[in-house]
Amino acid sequence: CTEAFKSPSALQSHKLSAHTKDPCSQCAKTFSNKAQLSKHERTHSAQRPFQCPDCHKAYKTPTELRNHSRSHTGEKPFVCTECGKAFMQAICLRIHMTQHSGERPYSCRQCSKSYPTLSKLKVHMRSHTGEKPYFCGECGKSFADPSVFRKHRRNHQGHRPYACEECGKTYTELKDLKNHERSHTGEKPYLCSDCGKAFSRSSSLACHQRIHSQNKPYQCEQCGKGFTQLSSYQSHLRTHSGEKPFLCPQCGKMFSDPSSFRRHQRAHLGFKPYPCDKCSKRFRQPADLAVHERVHSGERPYKCQSCDKAFVASWDLRRHMLVHTGLRPYSCTECDKSFAERSSLNKHRRVHSGERPFKCMECLKSFVVSSSLRKHERTHLAEPPHICDSCGKGFLNKSGLRKHQKIHSTSKPHSCPHCGKAFLFAAYLRKHLRTHGDVAA
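First, a word on what this report is: a plain description of the structure on this page.

The rules behind each value
Here the residue numbering is sequential within each chain, running from 1 through the sequence in written order. Per-residue local features of the predicted model are confined to residues with pLDDT of at least 70, and side-chain atom pairs are confined, for both listing and counting, to 80 or more; whole-chain, interface and lining totals are unaffected and use all residues. The side-chain numbers reported here are obtained from all heavy atoms of the structure, hydrogens and water having been left aside. Per the convention used, a helix needs a DSSP run of H or I reaching at least four residues, while a strand needs a run of E reaching at least two, with both numbered from the N terminus. Only protein chains enter the accessibility calculation, which uses a 1.4 Å probe. A residue is then buried if its area is under 20% of the maximum for its type, exposed if over 50%, and partly exposed in between. Contacts are assigned to residue pairs with any non-hydrogen atoms lying within 4.5 Å of each other. Using a 1.4 Å probe, accessible areas were evaluated by the Shrake-Rupley method; residue-level cover was limited to the displayed protein chains. Lys and Arg are tallied as positive, Asp and Glu as negative. Neither His nor the chain termini are counted. We define a salt bridge as a side-chain nitrogen of Lys or Arg found within 4 Å of a carboxyl oxygen belonging to Asp or Glu. Aromatic contacts are taken between Phe, Tyr and Trp rings whose centres are within 6.5 Å, Trp giving its six-membered ring; a plane angle under 30 degrees counts as stacked, one over 60 as edge-to-face, and the others as tilted. Throughout this description, the term charge over a ring refers to an Arg CZ or Lys NZ atom that lies within 6 Å of the ring centre and within 35 degrees of the ring normal. Helices are assigned an expected span. That span is 1.5 Å times one less than the residue count. Patch rule: a residue counts if its relative accessible area is over 30% and it has no salt bridge; like charges are joined within 9 Å, and nonpolar side chains (Val, Leu, Ile, Met, Phe, Trp, Tyr) within 5 Å. Where a charge lies is defined by one atom per residue type, namely NZ (Lys), CZ (Arg), CG (Asp) and CD (Glu).

## Some words on the overall build of the chain
For step 1, the next point in the chain: Broken down by element type, the chain carries 17 helices and 30 strands.
For step 2, the next point in the chain: Projecting the C-alpha coordinates of the chain onto the three principal axes gives extents of approximately 110 × 50 × 45 Å.
For step 3, the next point in the chain: Within the chain, the fraction of its 441 residues that count as buried is 26%.
For step 4, the next point in the chain: The long-range fraction of contacts in the chain, counting pairs at least 24 apart against all pairs at least 6 apart in sequence, stands at 4%.
For step 5, the next point in the chain: Accessible surface, the chain as shown: approximately 30400 Å² in total, 50% of it carbon and sulfur.

Here it is as C-alpha cells:
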C-alpha cells in the first residue's frame, strides 16, 4: 500500500497487522498474528487452561482469568476521571464513560434506540427479531443476551458465592448482591435530574427517565400501546395471547408476568422482610413499604391534572383517571359487560367459569376474590383485630371500625340541601332525600 512510516520497525509492524492474515481452520475469520489466532481457536474448543485457584473456575484466556480474580479480591483498578467510580474491567469503564460524553454511536434502525457498544445493539436487535441463540441444555430455556444466559447457568450449577450478611440471601454475581444490600440500607444513589426522584439501581433510573422524555420504544402492534421497558412490553403481549407461562407449584395458579409470580410466591412463604419503622406492619417488597410510608408522612405525590385530587400510589391515580375518561377497555367475551381494569375483568370472568381459587385453610370454604378470603379468615380469629378505643367493641376490618367510630363523633357531615337536616352516614341522607321526592321533582 502507499502508507508511509517513520521507522523500519513501524513498517514491519504494519505489514504484519495489515497485510499478513492467519486464517482460522474452523471458520472464515482471519487474524493479524498467531497469538490472536490461538486465542480465537479456543472459542471452537472446550479447552480452558487458565484456572482460578480460589473457586477452580476455568477460562480460555489469561485476561479472562485476571478479570475474574478481581471478583474475589474486590480490586477495581479502572477509575473514571469524571466521577471517581471504579470498575474491575476496562470495558466496563469505557461503557461507563459514554454516560458522561453522551456518546451512543450504535443506533437501531427499527426503533431509533441507540447504544454505546455494538454488542449491546446486537442484543437489542434480538428483541425485534425474537432470536434467542443461547440455549440452556439443563432446562430448555433460551436467551437473547449472553450475560443473562451465563448468569442463568450458574443457577443450575448452584454456584452462588455472594451472600448477604443481613438476611443470608445468596447471589451468582457481586453486582446483584450490591443491589440487594441497598434494600436493607435504603441507599438510593441514582438521582433523576428532572424530578429529583432517587433509585437504588441505575437501570431503574434509566427506565424512569423515559417518562420525562416520553420515549416508549416498544409499541404493541395490536393495540398501539407503548412501553418504556422490554419486559413490560412482553408481559403486555401476553394479555392479547392469553399466555400464562409462570406456574405456581404450590397452588397451580398461573401468571403472565414474572413479577406477579414472584409476589404470589412470597404470599405462600409469608416472607415480609421490609418493616415499617412507624408501625408494626411489614411488607413483601420495598415498593409496597414506600407507598405505605406515605400514609404516615401524608405525602401524595401523584396529582390528577383534571381535578385537585392527589394519591399516594401511581396505580390509585391511574384508577382515578378512568373516572374522567370514562374508558372501560376490558370487555367480557361471555356477556356485554366492560371494565376499567383488567383485574376487574378477571374477577368477573370467574362468575361465568365458577372458579373460586382462594381457599380457606381452616374450613376449606373457597372464594372468587382474595379480599373475600381475607375478610372470611378473620371470622376464625379468637378476637377481632380492630378495637374501638372509645367503647372496646371489636371489628373484623378497618372500614367497619371507622364506620362505628362516627357514632362517638358529634359531627354529622351529610346535610340535606332541602331542609338542612344533617346525618351521620351518606346512606341515611339518601333515604331521607326520598321524603323530598316531590321537591326534587
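Moving on from the model shown.
## A look at the side chain of arginine 238
For step 1, the next point in the chain: With respect to the helices, strands and loops of the structure, arginine 238 is situated in helix α9 (residues 230-241).
For step 2, the next point in the chain: It turns out arginine 238 is buried and unbridged, and the closest side chain with the opposite charge, glutamate 243, is 4.1 Å from it.

## What about the pattern of salt bridges?
For step 1, the next point in the chain: Evaluated as defined, the whole model comprises eight salt bridges.
For step 2, the next point in the chain: In this structure, the salt-bridge partner of lysine 278 is aspartate 277, at a minimum N-O distance of 3.8 Å. Comparing lysine 278 with aspartate 277 shows no difference in burial state: the two are exposed.
For step 3, the next point in the chain: A salt bridge links glutamate 341 to arginine 319; the shortest N-O distance between them is 3.0 Å. Linking glutamate 341 in the loop between β24 (338-339) and α13 (342-353) with arginine 319 in helix α12 (residues 314-325), this pair joins segments that are 22 residues apart in sequence.
For step 4, the next point in the chain: Accessibility expressed as a relative area gives 40% for arginine 319, which makes it partly exposed.
For step 5, the next point in the chain: Overlapping salt bridges, with partners in common, bring together Asp316, Arg319 and Glu341 in one network.

## A short note on the packing of aromatic side chains
For step 1, the next point in the chain: Per the counting criterion, the structure on display carries six aromatic pairs.
For step 2, the next point in the chain: Note on phenylalanine 143 and phenylalanine 149: the rings are 6.0 Å apart at their centroids and 40° apart in plane angle, and the pair reads as tilted. The residues phenylalanine 143 and phenylalanine 149 share a single accessibility class, namely buried.
For step 3, the next point in the chain: Three or more aromatic residues joined by ring pairs form one cluster here, namely Tyr134, Phe143 and Phe149.
For step 4, the next point in the chain: In this structure, arginine 104 is placed above the aromatic ring of tyrosine 115, and the distance from its NZ or CZ to the ring centre is 5.9 Å.

## Notes on the environment of serine 231
For step 1, the next point in the chain: Inspection of the secondary structure assignment puts serine 231 in helix α9.
For step 2, the next point in the chain: Residue serine 231 is classed as partly exposed on the basis of its relative accessible area, which comes to 41%.
For step 3, the next point in the chain: Each C-alpha atom, one on serine 231 and one on lysine 412, is 50 Å from the other, the two residues being 181 residues apart in sequence.

## Overview of unusual backbone geometry
For step 1, the next point in the chain: Positive phi outside glycine occurs at leucine 364, with the angle close to 65°.
For step 2, the next point in the chain: With respect to the element layout, leucine 364 can be found in the loop between β25 (358-359) and β26 (366-367).
For step 3, the next point in the chain: Exposure remark for leucine 364: the relative accessible area of 56% places this residue in the exposed category.

## Overview of helix α11 (residues 286-297)
For step 1, the next point in the chain: Along its 12 residues, α11 runs 16 Å from first to last C-alpha, staying within 8% of the 16 Å computed at 1.5 Å per residue.
For step 2, the next point in the chain: Elements in contact with the buried residues of α11: β19 (274-275), β20 (282-283), β21 (302-303) and α12.
For step 3, the next point in the chain: The first or second residue beyond α11 is glycine 298, which carries a positive phi of 80°.

## Side note on a positive patch on the surface
For step 1, the next point in the chain: Residues Lys272, Lys281, Lys398, Arg402, Lys403 and Lys406 make up a contiguous surface patch of positive charge.
For step 2, the next point in the chain: Along the chain, arginine 402 turns up in helix α15 (residues 398-408).

## With respect to the side chain of arginine 70
For step 1, the next point in the chain: Here arginine 70 is to be found in helix α3 (residues 62-73).
For step 2, the next point in the chain: Take arginine 70: its relative accessible area is 12%, and that puts it in the buried class.
For step 3, the next point in the chain: With near-sequence residues (within four places) excluded, arginine 70 lies in contact with Glu75, Pro77, Phe78, Met88 and Gln89.

## Observations regarding the environment of arginine 182
For step 1, the next point in the chain: Mapped onto the elements, arginine 182 comes out in helix α7 (residues 174-185).
For step 2, the next point in the chain: Considered as a pair, arginine 182 and phenylalanine 199 are 17 residues apart in the sequence and their alpha carbons are 9.9 Å apart.
For step 3, the next point in the chain: Apart from residues no more than four positions distant in its own chain, arginine 182 is found in contact with Glu187, Pro189, Tyr190 and Ser200.

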